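# Tertiary structure, described
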Amino acid sequence: MLTLFSFVITTIVVVTKVESLDNGLALTPPMGWMTWQRFRCITDCEQYPLECISEKLIKTMAKRMVVDGYLKAGYEYIIVDDCWMSNKRDSENRLQPDPIRFPSGIKSLANYVQSLGLKFGIYEDSGYKTCAGYPGIYGHLEIDAQTFADWEVDYIKLDGCYNDPETLVDGYIRFGELLNQTGRPIVYSCSWPAYEEPLGIKSNYSLLTEKCNLWRNWDDIEDSWYNVTNILDWFSENQDRIAKYSGPGHWNDPDMLLVGNFALSEDQSKAQMAIWSIMAAPLLMSVDLRTIKPEFRQILLNPDAIAINQDKLGIMGKLVYTALKRIDVWAKPIMPIVNGEFSLAIGFISNRIDGYPRIASVPMKTLGLNNPKGYHITNIFDPEYVDVISGGNIVVRVKPSGTVFLKLIPKD
Ligand code: GLA
């Protein structure tokens, strides 16, 4: 396993070499709220009046984002995923929203959201249909790029269903160019690795950093802890290949946060928040903000977790050690740098299910922690317990499928 020191050096060298999409956006991982995980493709507003994908839902969530402090904490984008469209283009071949669910049109919705201080994102697909079967952009790239700019969209998630594998990547590149040509700054979220990697094709990540602000690498997240750990397994197995491509303007995306929904316990939610922050993942909530319980809201709003995720260095943390069989230790170098040493965010995540909170110990040397003067320590989800250094090791107790999330700043 790489020592943390070589991990930092490799990351910095590569990050300075690659060029990023020249739109000046997403200099830190995008934060926001997205419909898909919680509200999927609910289009039946009679059966599900409060949950169907509609301008009413988006406006309600936008208000909650402002009133409940999410915007202030950094969650800036509100993104309508699939199923906003009508089944047919209009008479001039332009995309149009479902007229019943979006009676005011997308521009008016975008402007409403923007009037609250948020930014507006939308979903499309580079193939001839979206994954849920609505019109894709294939064959209509020019007009669609212009339509999104005319609607004053700030963020596009471009999916990859119903595509010709031969033209998949070229289509993404072309659409990105067309978006740039509109002159409107639009965050560009690509999905082509999620359509290559599962087939065993290793995506071209240096091309991704040039063409996209973020990209989904792998499977869809679903409301289960099993699904979270599967995603983490893929990211840790592939980290030495992909982590170096995350950085200001271009991010690997392990998919949405499940926090506050039905499946994850409070500790599992903390674990997802911790590791997503360490991975410099986009923080995209997908939860009903009207009914989220306060303990889950606190996890999403945790200022230390968010600051680690949004750290200006933009280094994607990695799995650096496995303690006591299946308690994984993830680490991310962050600011400030004190006497040449990075501060460090450390996330323990237990893959154990055997009852009691286990002691896990990791040698400080393994984490590159060598400061003779010691560290200022923050225990992010358990502020009372900061006494975690013992005999040259970091020693903590980690609950089954829980986390301990620490920040260490070298003492001057
Ligand atoms: C794919 C994406 C999901 C979501 C759906 C919408 O599965 O990976 O994130 O956008 O399509 O149909």
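Residues numbered from 1 in each chain as written. Predicted model: local features only at pLDDT ≥ 70, side-chain atom pairs only at ≥ 80, totals over all residues. Heavy atoms only, no water.

### With respect to the nonpolar core
- Among the nonpolar cores identified, the biggest contains 106 residues, and Tyr75 and Trp84 are the most heavily contacted of them.
- Sort the elements by how many residues they give to this core and helix H7 (residues 168-181) lands first, with seven residues.
- Split by domain, this core shows at least three residues from each of two domains, domain 1 (20-309) and domain 2 (318-410).
- Counting 22 residues, the second largest nonpolar core, distinct from the first, contains Ala323, Ile346, Leu367 and Tyr375. (Core = buried A, V, L, I, M, F, W, Y, C linked by side-chain atoms within 4.5 Å. Buried < 20%, exposed > 50% of the residue type's maximum accessible area, 1.4 Å probe, protein only. Helix = DSSP H or I, 4+ residues; strand = E, 2+ residues; numbered from the N terminus. Domains from an automatic or database assignment.)

### Overview of the sheet that holds strand S12 (residues 358-363)
- With antiparallel pairing, three strands are arranged side by side in an open sheet as S12-S15-S14. Of all strands in the sheet, those bounded by a partner on one side alone are S12 and strand S14 (389-390).
- Note: S12 against strand S15 (residues 393-398), six bridges, orientation antiparallel. Counted as the bridge partner of Ile359 is Arg397 from S15. (Pairing = 2+ DSSP bridges.)

### So, the state of the cysteines
- Scanning the entire structure with this criterion turns up four disulfides.
- Disulfide partner of Cys41: Cys83, at an S-S distance of 1.9 Å. Residues Cys41 and Cys83 are joined through a disulfide that is left-handed, its torsion about the S-S bond being -110 degrees. Taken together, the residues Cys41 in the loop between helix H2 (36-39) and helix H3 (55-67) and Cys83 in the loop between strand S2 (77-80) and helix H5 (106-115) connect sequence positions 42 residues apart.
- In this model, Cys45 is linked to Cys52 through a disulfide, with the two sulfur atoms separated by 2.1 Å. On the sign convention where negative means left-handed, the S-S torsion of about 105 degrees between Cys45 and Cys52 marks this disulfide as right-handed.
- Given the relative accessible area of 28%, Cys45 is considered partly exposed.
- Take the cysteines of the protein that form disulfides and number them in order along the sequence; they join up as 1-4, 2-3, 5-6, 7-8. (Disulfide = S-S within 2.5 Å.)

### Some remarks on the site of the ligand
- Looking at the ligand, the residues that line it are Trp36, Asp81, Asp82, Tyr123, Cys131, Ala132, Lys157, Asp159, Arg216 and Asp220.
- Between Lys157 and the ligand, the recorded distance is 2.8 Å, taken from a side-chain N or O atom to an oxygen atom.
- A distance of 2.8 Å separates an oxygen atom of the ligand from a polar side-chain atom of Asp159.
- Alone, the ligand offers 310 Å² of accessible surface; in the complex the protein occludes 91% of this.
- Classifying every residue of the shell around the ligand gives four nonpolar, no polar and six charged. (Near = heavy atom within 4 Å. Polar contact = N/O pair within 3.5 Å; in protein donor to acceptor, adjacent residues only side chain to side chain. Areas by Shrake-Rupley, 256 points an atom, 1.4 Å probe, with all protein chains shown as cover. Nonpolar A, V, L, I, M, F, W, Y, C, P; charged D, E, K, R; others polar.)

### Digging into the domain arrangement of the protein
- Split into domains, the protein comes out as domain 1 (20-309) and domain 2 (318-410).
- Contact residues are listed per partner, giving 23 residues for domain 1 and 21 residues for domain 2.
- Contact between domain 1 and domain 2 buries roughly 1900 Å² in total, counting both sides, with carbon and sulfur atoms accounting for 71%.
- Inspection of the region where domain 1 meets domain 2 yields three salt bridges.
- Here Lys399 ties to Asp267 by a salt bridge, and the two come within 3.5 Å at their closest N and O atoms.
- For the pair domain 1 and domain 2, the interface holds five residue pairs in polar contact (both at pLDDT 80 or more).
- For the side of domain 1 that touches domain 2, the element with the most residues is helix H12 (residues 266-278), which contributes nine residues.
- When its residues are assigned to classes, the side of domain 1 that touches domain 2 shows 13 nonpolar, six polar and four charged. (Contact = heavy atoms within 4.5 Å. Buried area = accessible area lost by both parts, 1.4 Å probe. Salt bridge = Lys/Arg side-chain N within 4 Å of Asp/Glu carboxyl O.)

### Regarding the pattern of salt bridges
- In the structure shown here, the tally under the stated rule is 23 salt bridges.
- Its salt-bridge partner being Asp154, residue Arg184 comes within 2.7 Å of it at the nearest N-O pair. Residue Arg184 is found in the loop between H7 and strand S5 (187-190), and its partner Asp154 is found in the loop between helix H6 (141-150) and strand S4 (155-159); the two are separated by 30 residues along the sequence.
- With relative accessibility at 23%, the residue Arg184 sits in the partly exposed group.
- Given a relative accessible area of 10%, Asp154 falls into the buried group.
- Within this structure, Asp90, Glu92 and Arg94 form a network of salt bridges that share partners.

### Re the packing of H3 against H5
- Axis separation between H3 and H5 bottoms out at 10 Å; the angle between their running directions is 10 degrees. Classified by the interaxial angle, the pair formed by H3 and H5 is roughly parallel. Contacts from Glu55, Ile58, Lys59, Ala62 and Lys63 of H3 reach H5 at Leu109, Tyr112 and Val113.
- Of the residues in the contact of H3 with H5, the class split is five nonpolar, no polar and three charged. (Axes fitted to C-alpha atoms, helices over the stretch in contact; angles between N-to-C directions. Parallel < 35°, antiparallel > 145°, perpendicular 65-115°, else oblique.)

### Considerations on a nonpolar patch on the surface
- Taken together, the side chains of Tyr128, Tyr138 and Tyr162 make up a nonpolar region of the molecular surface, amounting to roughly 340 Å² of accessible area.
- Along the chain, Tyr138 turns up in the loop between strand S3 (119-125) and H6.
- Using a relative accessible area of 42% as the deciding quantity, one classes Tyr138 as partly exposed. (Patch = residues over 30% accessible without salt bridge, like charges linked within 9 Å, V, L, I, M, F, W, Y side chains within 5 Å.)

### Some details on the confidence of the model for the protein
- Model confidence for the protein is summarised by a mean pLDDT of 94, while 95% of its residues fall at 70 or above.
- Of the regions scoring below 50 in pLDDT, residues 8-20 engages in 18 contacts with residues more than four places distant in sequence or in other chains. (pLDDT = per-residue confidence, 0-100.)

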